[in-house]
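Per-entry structural report
These are the residues of each chain, in order.
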Amino acid sequence: MRKIAERPLSRALKIYQNLAIGFVIVACLILSGVIYLSISRVSIVIIPKPQLLKVSGNVKILPLPSQAGEISGAVYSATFSASERFPLSAEGGTAVEGNAHGEVSLINNTTQAQPLVKNTRVVAESGVIFRLEEYVTVPANGQLVAKVKADNVGIEGEIPPSKFIIPGLPKGLQDKIYAVSLTVMTGGVAYVRPLTGADLLHAKEVLSKKLLEQGITAGRSAIADTVAYDGLVSGITTNKEIWSAKEGETVGEINLELTQEINLVFYNVVDLANYAERELAAQVPAGFRVTVVNRGDLSTKFVEVKDGGSAAIVYVNLNGQAVLSEDAQVLSKDRFVGRAPHEVKTLLKASEAIESAELLFTPFWIKRVPTLEDHISIEIRDPNEAEVVLPE
């Protein structure tokens, strides 16, 4: 069979063929670019470095707050006095016998006040004799606390709580006017040694605490008809401090007479914490947000009484933490478009507010940040999560 020869394409047809092929290639490139732009994404994961926040300053506490820097509260001020003996510890001391002593409550169940002179005998059920250390008058149908000391030296005077008769009274009154003790008598055996500054400090701390407890009880009673505030800050001023011995003297015990002015400021803990937290938030710089407020560490300190005792100034301190927020300038997406991963990390590493970061690309083979900002997402994780380390 005879073969038909192929006719070569005309020049014009070849041109059209090349144009068609070129068009297909260009279309494929455009389509590839569109697909790339539409699917390429990056997630920039940031581990921020927490920044310490601290707010401190004075707040005024008064019954009816009316302006910024004030919260509701009550103020109580009074002066309290007490006297107490403090035996020295046995460590480093030499045992010597002394007169046991303590306190008794003198009780008068008659309609007449009963005076008792200094050295009046009060005899315990065990037969141990004690004597009043000062003149007292026991009120009718009342009682008072008085100091007593054993007649004889020695450990036999260290008796437990007991009932006492007063043998100097007529027989008919001895069951109506008597004494009781609530604590053990001490001092029958004392340990003598040089008095130290630590001894003096301990005694003052103990007695001052007792006076403060008295003040708190009286203060709460005084404001009981107003509001039951759950917060309290105190200020204490010592007005009188009289010691029976000085540092360095060799003694077995010390006696302290203490008078203190006690100022108590009652307030609502939530109100004060909210005030401090608002002040803390006001200090947060642009581009940061508060993440932690350490309300449990809220501290207060008495400053002074104001307005004739109806108000008080209290120093308040509150700590917290802040981290970068997504609107921070350092996280502006236009800084990252079209950049390589190491460039982005270098930019982020330069910020003191960023601990570490990583870039997660989709699809995984993409090597540069997309040029469209809406294809860039930024995630700020909790600093307590696993740390992402920036490479050097």
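Residues numbered from 1 in each chain as written. Predicted model: local features only at pLDDT ≥ 70, side-chain atom pairs only at ≥ 80, totals over all residues. Heavy atoms only, no water.

Some remarks on the overall build of the protein chain
Summing up its helical and strand segments, the protein chain has four helices and 21 strands in all. Per-residue burial for the protein chain yields a buried fraction of 37% across its 392 residues. Taking contacts inside the protein chain between residues at least 6 apart in sequence as the whole, the part at least 24 apart equals 75%. On the protein chain, roughly 22,800 Å² of surface is accessible, and the fraction owed to carbon and sulfur atoms is 54%. (Helix = DSSP H or I, 4+ residues; strand = E, 2+ residues; numbered from the N terminus. Buried < 20%, exposed > 50% of the residue type's maximum accessible area, 1.4 Å probe, protein only. Contact = heavy atoms within 4.5 Å. Areas by Shrake-Rupley, 256 points an atom, 1.4 Å probe, with all protein chains shown as cover.)

So, the nonpolar core
Core analysis: the biggest nonpolar cluster contains 23 residues, and L195 and I254 have the highest contact counts within it. Listing elements by their share of this core, those giving two or more residues are β3 (70–87), α2 (197–222) and β16 (253–267). Not counting chain neighbours up to four residues away, the residues in contact with L195 comprise L88, L200, A245, K246, E247, G248, E249, V251 and I254. The next biggest cluster of nonpolar side chains, apart from the first, holds 22 residues, and it includes A100, L144, V148 and I159. (Core = buried A, V, L, I, M, F, W, Y, C linked by side-chain atoms within 4.5 Å.)

Focus: the pairing of strand β13 (residues 189–194)
Where strand β4 (residues 94–97) and β13 come together, four bridges link them in antiparallel fashion. Counted as the bridge partner of E97 is V189 from β13. When β13 meets strand β15 (residues 250–251), the two strands line up antiparallel, connected through two bridges. Counterpart to P194 in the pairing with β15 is T250. (Pairing = 2+ DSSP bridges.)

Quick notes on the pattern of salt bridges
With the rule as written, the count across this model stands at 14 salt bridges. With a closest N to O distance of 3.5 Å, K147 and E103 form a salt bridge. You can see K147 sitting in strand β10 (residues 142–153) and its partner E103 sitting in strand β5 (residues 99–108), a full 44 residues away along the chain. Linking R131 and D151 is a salt bridge whose minimum nitrogen-to-oxygen distance equals 2.6 Å. Here the residue R131 occupies a position in strand β8 (residues 129–132), and D151 occupies one in strand β10, the gap between them amounting to 20 residues. Judged by relative accessible area, R131 falls into the partly exposed class, the value being 27%. (Salt bridge = Lys/Arg side-chain N within 4 Å of Asp/Glu carboxyl O.)

A few points about the packing of aromatic side chains
Enumeration over the complete set of coordinates arrives at one aromatic pair. A centroid spacing of 5.9 Å and a plane angle of 85° characterise the contact between F130 and F164, whose relative ring orientation is edge-to-face. Taken together, the residues span a long stretch of sequence, with F130 in strand β8 and F164 in strand β11 (residues 163–165) at a distance of 34 residues. A residue is classified by how much of its surface remains accessible, and F130, at 0% relative accessible area, is buried. (Phe/Tyr/Trp six-rings, centres within 6.5 Å; stacked < 30°, edge-to-face > 60°.)

Examining the sheet that holds strand β21 (residues 376–380)
Two strands in a sheet stick together by hydrogen bonds in their backbones, pointing the same way (parallel) or opposite ways (antiparallel). Spatially, the three strands line up as an open sheet ordered β20-β1-β21, and their pairing is mixed. Edge strands, defined here as strands with exactly one partner in the open sheet, are β20 (354–362) and β21. Sheet twist, expressed as the average angle between the axes of neighbouring strands with direction ignored, equals 20°. (Axes fitted to C-alpha atoms, helices over the stretch in contact; angles between N-to-C directions.)

Section: unusual backbone geometry
In the segment running from T362 into P363, the intervening peptide bond is cis, with an omega of -10°. Position of P363 among the secondary structure elements: in the loop between β20 and β21. You will see that N119, though not glycine, has its phi angle at about 75°, which is positive. Here N119 lies in the loop between β6 (114–116) and β7 (121–124). Residues other than glycine seldom take positive phi values, yet D307 does so here, at roughly 55°. Locating D307 in the fold gives a position in the loop between β18 (299–306) and β19 (311–324).

Quick word on the environment of D151
Judged by its relative accessible area of 32%, D151 falls in the partly exposed class. Between the alpha carbons of D151 and A100 there is a distance of 8.4 Å; along the sequence they are 51 residues apart.

A closer look at the layout of surface pockets
In this structure, the largest pocket occupies an estimated 470 Å³ of space. If you trace the largest pocket, you find 22 residues lining it, with E84, G102, E103, T183 and K210 closest to the centre. Listing elements by their share of the lining of the largest pocket, those giving two or more residues are β3, β5, β10 and α2. (1 Å grid on protein atoms, 1.4 Å probe; cavity = no way out; pocket = protein on both sides within 12 Å on 5 of 7 lines; lining within 4 Å. Points joined across faces, edges and corners; volume = space filled by probe spheres on them.)

Structural notes on the environment of R368
Along the chain, R368 falls in the loop between β20 and β21. In the structure, R368 is positioned 32 residues away from F336 in sequence and 9.4 Å away in space, judged by C-alpha atoms. At 2.9 Å, the side chain of R368 forms a polar contact with the backbone oxygen of G338. (Polar contact = N/O pair within 3.5 Å; in protein donor to acceptor, adjacent residues only side chain to side chain.)

A closer look at the sheet that holds β10
If you trace the six strands once around the closed barrel, you get β5-β10-β8-β7-β11-β12, paired in antiparallel fashion. Between one strand axis and the next, the sheet turns by 40° as a mean value, whatever way the strands run. Relative to β10, β8 is paired through three bridges, and the arrangement is antiparallel. Along β10, the bridge assignment pairs F130 with A150.

Some remarks on the environment of A124
Looking at the secondary structure, you find A124 in strand β7. The spacing of A124 and I166 is 42 residues in sequence and 9.2 Å in space, taken between C-alpha atoms. Setting aside chain neighbours within four positions, we find A124 in contact with I159, S162, K163 and F164.

Quick look at the confidence of the model for the protein chain
Confidence along the protein chain averages 87 in pLDDT terms, with 88% of residues attaining 70 or more. Confidence over residues 386–392 falls short of pLDDT 50; this stretch has 16 contacts with residues more than four positions distant or in other chains. (pLDDT = per-residue confidence, 0-100.)

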